[in-house]
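Listed below are the residues making up each chain.
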Amino acid sequence: MGRAVVIGATGQVGRVAVGALARDGWEVTAVSRGGGRDEGWPGDVRAARADRSDDGALAAVVGDGCDVLVDMVAYGQEHARQLTSLAGRVGSAVVISSVSVYEDDKGRNFDTQEEPDGFPEYPVPITEDQRVVAPGEASYSTRKAALERELLDAGDLLPTTLLRAGAIHGPHCLTPRELYFVKRHLDGRRRRVLAFGGRSRFHPASVHNIAELIRLAAARPGTRALNAVDPDAPTVTAIAAAIDTVMGVEAENVLVDGPAPAPTVGDTPWSVPVPVVCDMSAAERELGYRAVARYAETLPDTVAWIEGRLSGRDWREAYPKMFQTYGDLFDYAAEDAWLAR
């Protein structure tokens, strides 16, 4: 299949993608800041140390060239230009983007959701033709949009497949949304408040399905943006029930119509007022993609990983980025006070 270089190889998606490419016959160089290996990789995977922000180090691991460069951590216009500068030595690229680049027809997006009437009303499902936010430096979404614009415009130099991932799940995640329910069970909490009637749907994306898309796109170079999500988009209530099953517990849902009734009460990492559900027809059509995993099937590994990382540690120490992103997800005193009222 040729030579593949994977940047961010020891991250959540990278670990699985390296294995998928290697087993598909690619000669893989797995690049990370630490230069480590995953125990699941085939023995002929070559691990290399490089910081992707160091242009010289990245150019060195590409060396005389590679057939495909897979980038898990590209972010912003500067990374796009870094990749296109290697165009003469790279056959094609596969780059992870995000569904957060989408905005609705009124210009509302993930960045405006905290404003009054600011949450976008996306079509169901969202196709790749949906408009995206203006590229810029203001936020995660606008920087991902800038990354996309630069790479798509440079498609003649470097054919690039952009994968717009949903709510990524699986082991090694730094911000696992499943933590919300797993920790509650570990703490003996058997009642949970769910905003928006528990009907929120924020499309998940398994690391295994993203890795399959990477594998297929590597073998079919092109310039395009494709959604990267699971075949199912379960509600928050369904996700909670699936985690209950994995952990062998029973819990009661307290459903609230509308947004969270109080700060730190009922606002899960999936809680959105309208569905965020993506269409996968383009990937099926262009790559011959078929999902290799469903959400509930992959949960045991995810739950086990979260439990192991929490063992003996405060959750904010185990998942500092989760705390920075969502704040206090386990304010039980506030929840009990609200339930008592």
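Heads up: the structure comes first, above all this text.
All figures in this text were calculated on a predicted structure; none of them were measured in a lab.

Caption draft 1: Geometry of the state of the cysteines. Enumeration according to the criterion identifies 0 disulfides in this entry. No disulfide involves Cys278; its sulfur sits 17 Å from that of Cys173, the nearest cysteine.

Caption draft 2: Seen up close, the side chain of Ser200. Following the sequence through the fold, Ser200 ends up in the loop between strand E8 (191–194) and strand E9 (204–206). Given the relative accessible area of 3%, Ser200 is considered buried. A distance of 2.7 Å separates a polar side-chain atom of Ser200 from the backbone oxygen of Val272. What Ser200 contacts, discounting residues up to four positions off in sequence, is Ala195, Pro234, Thr235, Val236, Trp270, Ser271 and Val272.

Caption draft 3: Just the pattern of salt bridges, in detail. According to the stated counting rule, one finds 22 salt bridges in the structure shown. Across the pair Asp71 and Arg52 runs a salt bridge whose closest N-O atoms are separated by 2.6 Å. Taken as a pair, Asp71 in strand E4 (residues 66–71) and Arg52 in the loop between strand E3 (46–49) and helix H2 (55–62) lie far apart in primary sequence, 19 residues in all. The exposure class of Asp71 is buried, given its relative accessible area of 0%. By relative accessible area, Arg52 is classed as buried at 9%. Between Asp187 and Lys183 there is a salt bridge; the shortest N-O distance is 2.9 Å.

Caption draft 4: Up close: the environment of Ile168. Take Ile168: it is sitting in strand E7 (residues 167–169). The contacts of Ile168, once residues within four sequence positions are left out, are Gln12, Val13, Cys173, Arg177, Ala205, Val207 and Ile210.

Caption draft 5: Focus on helix H9 (residues 295–310). Here H9 is 16 residues long and its end C-alpha atoms lie 22 Å apart, about the 22 Å a rise of 1.5 Å per residue gives. Of all the bends in H9, the largest measures some 30° and sits at Asp301. Among the residues of H9, Tyr295, Thr298, Leu299, Thr302, Val303, Ile306 and Leu310 are the ones counted as buried. Buried-residue contacts for H9 involve E7, helix H5 (179–186), E9, helix H6 (207–219), helix H7 (236–247) and helix H10 (315–318). Looking one or two residues beyond H9, the residue adopting positive phi is Gly312, at roughly 75°.

Caption draft 6: Structural context of H7. Spanning 12 residues, H7 covers 17 Å between terminal C-alpha atoms, matching the ideal 16 Å at 1.5 Å per step. Turning to H7, the residues buried within the fold contact H5, E8 and H9. Note on H7: the residue one or two positions beyond its end, Gly248, has a positive phi of about 65°.

Caption draft 7: Representation of the sheet that holds strand E5 (residues 90–98) in the model. Across the sheet, 7 strands lie side by side as E3-E2-E1-E4-E5-E6-E10; this open sheet has parallel pairing. The open sheet terminates on both sides in strands that have one partner only, identified here as E3 and strand E10 (224–228). When the angles between neighbouring strand axes are averaged without regard to direction, this sheet yields 20°. Taken together, the 5 bridges between E4 and E5 define a ladder with parallel strand orientation. Looking at the pairing, Leu69 lines up with Ala93 of E5. Here helix H1 (residues 12–23) sits on the sheet and contacts strand E1 (3–7), strand E2 (27–32) and E4; the angle it forms with E2, its principal contact strand, is near 165°. Along the sheet face, H2 touches E1, E2, E3, E4 and E5 and points at about 155° away from the line of E1.

Calculation notes
Here the residue numbering is sequential within each chain, running from 1 through the sequence in written order. Selection of residues for local features in this predicted model requires a pLDDT of at least 70, selection of side-chain atom pairs for listing and counting requires 80 or more, and totals for whole chains, interfaces and linings are taken over all residues. With hydrogens and water excluded, all non-hydrogen atoms of the structure serve as input to the side-chain values. Any cysteine sulfur atom paired with another within 2.5 Å is treated as part of a disulfide. Helix and strand labels come from DSSP, where a helix needs a run of H or I of at least four residues and a strand needs a run of E of at least two; each type is numbered from the N terminus. Only protein chains enter the accessibility calculation, which uses a 1.4 Å probe. A residue is then buried if its area is under 20% of the maximum for its type, exposed if over 50%, and partly exposed in between. Under this definition, polar contacts are N or O atom pairs within 3.5 Å; protein pairs additionally need one hydrogen-donor-capable and one acceptor-capable atom, and for neighbouring residues in sequence, both atoms have to be side-chain atoms. Contacts are residue-level and defined by heavy atoms, with any inter-residue pair within 4.5 Å sufficient. A pairing counts as a salt bridge when a side-chain nitrogen of Lys or Arg comes within 4 Å of a carboxyl oxygen of Asp or Glu. To estimate how far a helix should extend, the number of its residues minus one is multiplied by 1.5 Å. Across the chain, bend at a residue is computed as the angle between axes fitted to the seven residues ending at that point and the seven starting from it. Two strands qualify as a pair provided DSSP detects at least 2 bridges between them. Working convention: axes come from line fits to C-alpha atoms, limited for helices to the stretch in contact. Angles between N-to-C directions cover 0 to 180 degrees.

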